[in-house]
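For reference, the chains in residue letters:
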Amino acid sequence: MSDVAREAMEYDVVIVGAGPAGLSAAIRLKQLDADLEVVVLEKGSEVGAHILSGAVLDPCGLDALIPDWKDKGAPINVPVRDDNFYMLGEAGKVRIPNWPMPKLMNNHGNYIVSMGNVCRWMAEQAEALGVEIFPGMACSELVYGENGEVKGVIAGEFGRNPDGSEGPGYEPGMELHGKYVFLGEGVRGHLSKEVIAKYDLSAGKEPQKFGLGLKEIWEIDPAKHREGSVTHTMGWPLGGNAGGGSFIYHLDNNQVYVGFVVHQNYKNPHLFPYMEFQRFKHHPMVAELLKGGKRVAYGARAITEGGYQSMPKMVAPGVALLGCSVGMVNVPRIKGNHNAMLSGKAAAEAAYDAIKAERAGDELSAYETEVREGAIGKDLKKVRNVKPMWSKWGLTASLALGGLDMWTNSLFGGSLFGTLKHGKSDAEATQTVYHHKPIDYPKPDGKLSFDRLTNVAFSFTNHEESQPCHLRLLDPSVPIDENLPKYAEPAQRYCPAGVYEVVEKDGRSEFVINFQNCVHCKTCDIKDPSQNIKWVTPQGGDGPNYPNM
Ligand SMILES: Cc1cc2nc3c(=O)[nH]c(=O)nc-3n(C[C@H](O)[C@H](O)[C@H](O)COP(=O)(O)OP(=O)(O)OC[C@H]3O[C@@H](n4cnc5c(N)ncnc54)[C@H](O)[C@@H]3O)c2cc1C
């Protein structure tokens, strides 16, 4: 921890991250006891600014938290009306009927929402209950107590020079102390990563797995818009190169979410997930839909895919990890928001009981038990083999066997396969250039497909340039000396925001980090084969400014 003197403020519970998990925890704490002091700290310039989700929302989490959400004006107005699933070839498609799919895959009863707007509304509900919410406050460090417990965070440090020294307008920020600290940072949170490593919380668990989710919002021709329509595809253009697929959700106002997920365990270092997404939009089915429309926003974020067997222990002294900080996405459903909400609620209930019993700074084991044995564990356990099957046996076999496995889990509560392992981490999955050929991607046409930097402008990302680079190289020589010859430095391609470049200068290759472009997706921290890039939070308020993703 840094040795700068800071003011400290005391709370009952300090919550990092105003996503669905953190906000649910805050709301539930105040529902249980209006006198509890609860604070939520968010690195985005406003609540929702960093939320990129899709999204088809299973309302079960919100039903449990705020049963009268409809009366309270939640921005959840577009029920799913039709649910389509296609296997794509380069020019054609085959519809997979809904009837062989297990019930859990059915989207009826779910809603197409902007999760950014849902979080903005949840923040209003929390504030009405008396929760203090501070957007633009990045939590950069954890504060530990005398017995090694997490007792708080440092938030709101501004004004360091690029070399790390204190600049003229330096603000040290504050220490915010709590009887309990909740980390609701979402995927690959950097404080969560520290807690998982410090307390060895992943011991005995499978490695976490990830996808990279890329998304655009389009305004399309009203004649082609079908409010409430949900489409998922697999197959082209990824084929055998990587796992993943697309989603197309028609929300209201002629808007459509067009998204693409690439599983990060791909082997070929030449794969370019961003360009796979751009190429996908040229499939006749998608091109026909988007033609004449306009892209109004772009963003990207990693998504957790390890599921049940990869969730680390989620409590340590003084701290609980919520939502996708531990990875609660149901992969075949591509849904994690409901579990994030349920986890926030469960953590709040455990902390409330503990505080009432005059405990503080210990492990909230009741939270862990509820997650593993309650609704979240049940949701994730049924689908635990889908991702490892896909990784091991490819798309076609995993569709058949994964479907069968979900049926047997749903009907009989067990699997013929037990619990399959994921094996390698996504970083370890990357193979060297000696095993793979470069992939030739068509040039974006500027109508349906766009170059990366043009699209990044539509994430409305902004970073104060005179601050330390928040993408830290553990060893600055690795990108050029190791990654370039072995992997053609894949950071140039896996980053969806064009942050990383290799440029030629004075006859030598140089690794350049344009951290100003970073959309906080965390893919570099996950996929770098040398695990040499460490993502830490930049100053609060920096990063994307997603309008209604
Ligand atoms: C492309 C894509 C599509 C998806 N589609 C769906 C879908 O259709 N349905 C569905 O249910 N789920 C979907 N998901 C999954 C869903 O987004 C996650 O499960 C959910 O966001 C997890 O919620 P969370 O609160 O844990 O984290 P997040 O939603 O990621 O929220 C974390 C918040 O914490 C803030 N934060 C992080 N670190 C700090 C820090 N150090 N200091 C201060 N603030 C911090 C972030 O800025 C952010 O606002 C999708 C995910 C992706 C990437």
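Described below are features of the structure shown in this document.

The rules behind these values
Residues numbered from 1 in each chain as written. Predicted model: local features only at pLDDT ≥ 70, side-chain atom pairs only at ≥ 80, totals over all residues. Heavy atoms only, no water. Pairing = 2+ DSSP bridges. Helix = DSSP H or I, 4+ residues; strand = E, 2+ residues; numbered from the N terminus. Axes fitted to C-alpha atoms, helices over the stretch in contact; angles between N-to-C directions. Contact = heavy atoms within 4.5 Å. Near = heavy atom within 4 Å. Polar contact = N/O pair within 3.5 Å; in protein donor to acceptor, adjacent residues only side chain to side chain. Areas by Shrake-Rupley, 256 points an atom, 1.4 Å probe, with all protein chains shown as cover. 1 Å grid on protein atoms, 1.4 Å probe; cavity = no way out; pocket = protein on both sides within 12 Å on 5 of 7 lines; lining within 4 Å. Sits in = over half its atoms within 2 Å of the grid points. Nonpolar A, V, L, I, M, F, W, Y, C, P; charged D, E, K, R; others polar. Buried < 20%, exposed > 50% of the residue type's maximum accessible area, 1.4 Å probe, protein only. Phe/Tyr/Trp six-rings, centres within 6.5 Å; stacked < 30°, edge-to-face > 60°. Lys NZ or Arg CZ within 6 Å of the ring centre and 35° of its normal. Expected span 1.5 Å × (residues − 1). Salt bridge = Lys/Arg side-chain N within 4 Å of Asp/Glu carboxyl O. Core = buried A, V, L, I, M, F, W, Y, C linked by side-chain atoms within 4.5 Å. Left-handed = near helix turned anticlockwise from the far one by under 90°. Points joined across faces, edges and corners; volume = space filled by probe spheres on them.

## Overview of the sheet that holds strand S16 (residues 244-250)
Reasoning step 1: Strand order in the open sheet made by the 7 strands is S6-S5-S15-S16-S17-S14-S18, with mixed pairing throughout. On the outer flanks of this sheet lie strand S6 (93-95) and strand S18 (294-304), each paired with one strand and no other. Averaged over all adjacent pairs, the angle separating strand axes in this sheet is 20°, with direction ignored.
Reasoning step 2: In this structure, S16 lies alongside strand S17 (residues 255-263), joined through 7 bridges in antiparallel fashion. Note that in S17 the partner of Phe-247 across the bridge is Gly-259.
Reasoning step 3: The strands that helix H10 (residues 386-412) touches are strand S5 (82-88), strand S14 (210-219), strand S15 (229-235), S16 and S17; relative to S15, the one it contacts most, it runs at about 100°.

## As for the site of the ligand
Reasoning step 1: As a structural note, the neighbourhood of the ligand is formed by 35 residues, with Glu-42, Ser-53, Val-56, Cys-324 and Asn-337 the closest of them.
Reasoning step 2: Interatomic distance of 2.7 Å between a side-chain N/O atom of Glu-42 and an oxygen atom of the ligand.
Reasoning step 3: Expressed as a share of its isolated accessible area of 1,000 Å², the protein-covered part of the ligand is 97%.
Reasoning step 4: Taken atom by atom, the bulk of the ligand overlaps the largest cavity.
Reasoning step 5: Looking at the shell around the ligand, the elements with two or more residues in it are helix H1 (20-32), strand S2 (38-42), S18 and helix H7 (337-356).
Reasoning step 6: Across the shell around the ligand, the residue classes break down as 19 nonpolar, 11 polar and 5 charged.

## Here's the deal with the side chain of His-225
Reasoning step 1: Positionally, His-225 belongs in the loop between S14 and S15.
Reasoning step 2: Taking relative accessible area as the criterion, His-225 reaches 14% and is therefore assigned buried.
Reasoning step 3: Those residues within four positions of His-225 in sequence are excluded, and the remaining contacts are Ile-220, His-250, Leu-251, Asp-252, Asn-254, Gln-255 and Val-256.

## Side note on the packing of aromatic side chains
Reasoning step 1: Scanning all chains against the criterion turns up 10 aromatic pairs.
Reasoning step 2: Their ring planes at 85° and their centres at 6.0 Å tell us that Phe-272 and Tyr-441 sit as a pair that is edge-to-face. Remark: Tyr-441 occurs in the loop between helix H11 (426-429) and helix H12 (452-456) and Phe-272 occurs in the loop between S17 and helix H5 (273-280); sequence separation between them is 169 residues.
Reasoning step 3: Residue Phe-272 is classed as buried on the basis of its relative accessible area, which comes to 16%.
Reasoning step 4: Aromatic rings pair up to connect Phe-260, Phe-277 and Phe-280 into one cluster.
Reasoning step 5: For Lys-198, the ring lying beneath its charged end belongs to Tyr-144, and the centroid distance is 4.5 Å.

## A word on helix H3 (residues 115-128)
Reasoning step 1: Here H3 spans 20 Å end to end across 14 residues, near enough to the 20 Å set by a 1.5 Å rise per residue.
Reasoning step 2: Burial analysis of H3 places 10 of its 14 residues in the buried class, the great majority of the element.
Reasoning step 3: Residues of H3 that are buried: Met-115, Gly-116, Val-118, Cys-119, Arg-120, Trp-121, Met-122, Ala-123, Gln-125 and Ala-126.
Reasoning step 4: In this fold, the buried residues of H3 make contact with H1, strand S3 (56-57), helix H2 (60-65), strand S8 (132-135) and H7.
Reasoning step 5: Of the residues one or two after H3, Gly-130 is the one with positive phi, at around 105°.

## Describing the pattern of salt bridges
Reasoning step 1: Applying the stated criterion across every chain yields a total of 21 salt bridges.
Reasoning step 2: Glu-349 is the salt-bridge partner of Arg-28, the closest N and O atoms lying 2.7 Å from each other. You can see Arg-28 sitting in helix H1 and its partner Glu-349 sitting in helix H7, a full 321 residues away along the chain.
Reasoning step 3: Since its relative accessible area comes to 25%, Glu-349 is described here as partly exposed.
Reasoning step 4: A single network of salt bridges, built from pairs that share partners, joins Arg-6, Glu-157 and Arg-160.

## As for the nonpolar core
Reasoning step 1: Grouped together as the largest cluster of nonpolar side chains are 79 residues, with contacts concentrated most on Val-153, Phe-182, Leu-364 and Tyr-367.
Reasoning step 2: Element by element, the count of residues in this core is highest for H7, at 11 residues.

## A look at unusual backbone geometry
Reasoning step 1: Following Trp-236, the chain continues to Pro-237 via a peptide bond in cis, the omega torsion being 5°.
Reasoning step 2: Within the fold, Pro-237 resides in the loop between S15 and S16.
Reasoning step 3: Of note in this structure, Glu-358 is not a glycine but carries a positive phi near 60°.
Reasoning step 4: Examined against the element boundaries, Glu-358 turns out to sit in the loop between H7 and helix H8 (365-373).
Reasoning step 5: Residue Glu-358 is classed as exposed on the basis of its relative accessible area, which comes to 75%.

## Some remarks on the packing of H7 against H8
Reasoning step 1: Contact geometry for H7 and H8: axes closest at 8 Å, N-to-C directions at 150°. Seen along the crossing, H7 lies across H8 with a hand that is right-handed. On H8, the residues touching Ser-343, Ala-346, Ala-347 and Ala-350 of H7 are Ala-366, Tyr-367 and Glu-370.
Reasoning step 2: Looking at the contact of H7 with H8, its residues break down into 5 nonpolar, 1 polar and 1 charged.

## Brief notes about empty space enclosed by the protein
Reasoning step 1: All chains considered together, the criterion is met by 3 cavities of 30 Å³ or more.
Reasoning step 2: Approximately 870 Å³ is the volume found for the largest cavity.
Reasoning step 3: Surrounding the largest cavity, 50 residues form its lining, Ile-51, Leu-52, Gly-186, Val-187 and Arg-301 being those nearest its centre.
Reasoning step 4: Ranked by the residues each element gives to the lining of the largest cavity, the list is headed by S18, at 4 residues.
Reasoning step 5: Broken down by class, the residue content of the lining of the largest cavity amounts to 28 nonpolar, 15 polar and 7 charged.
Reasoning step 6: Estimates place the volume of the second largest cavity at around 80 Å³.
Reasoning step 7: Around the second largest cavity sit 13 residues that line it, and Cys-495, Val-499, Cys-518, Cys-521 and Cys-524 are the ones nearest its centre.
Reasoning step 8: The residue inventory of the lining of the second largest cavity, partitioned by class, reads 11 nonpolar, 1 polar and 1 charged.

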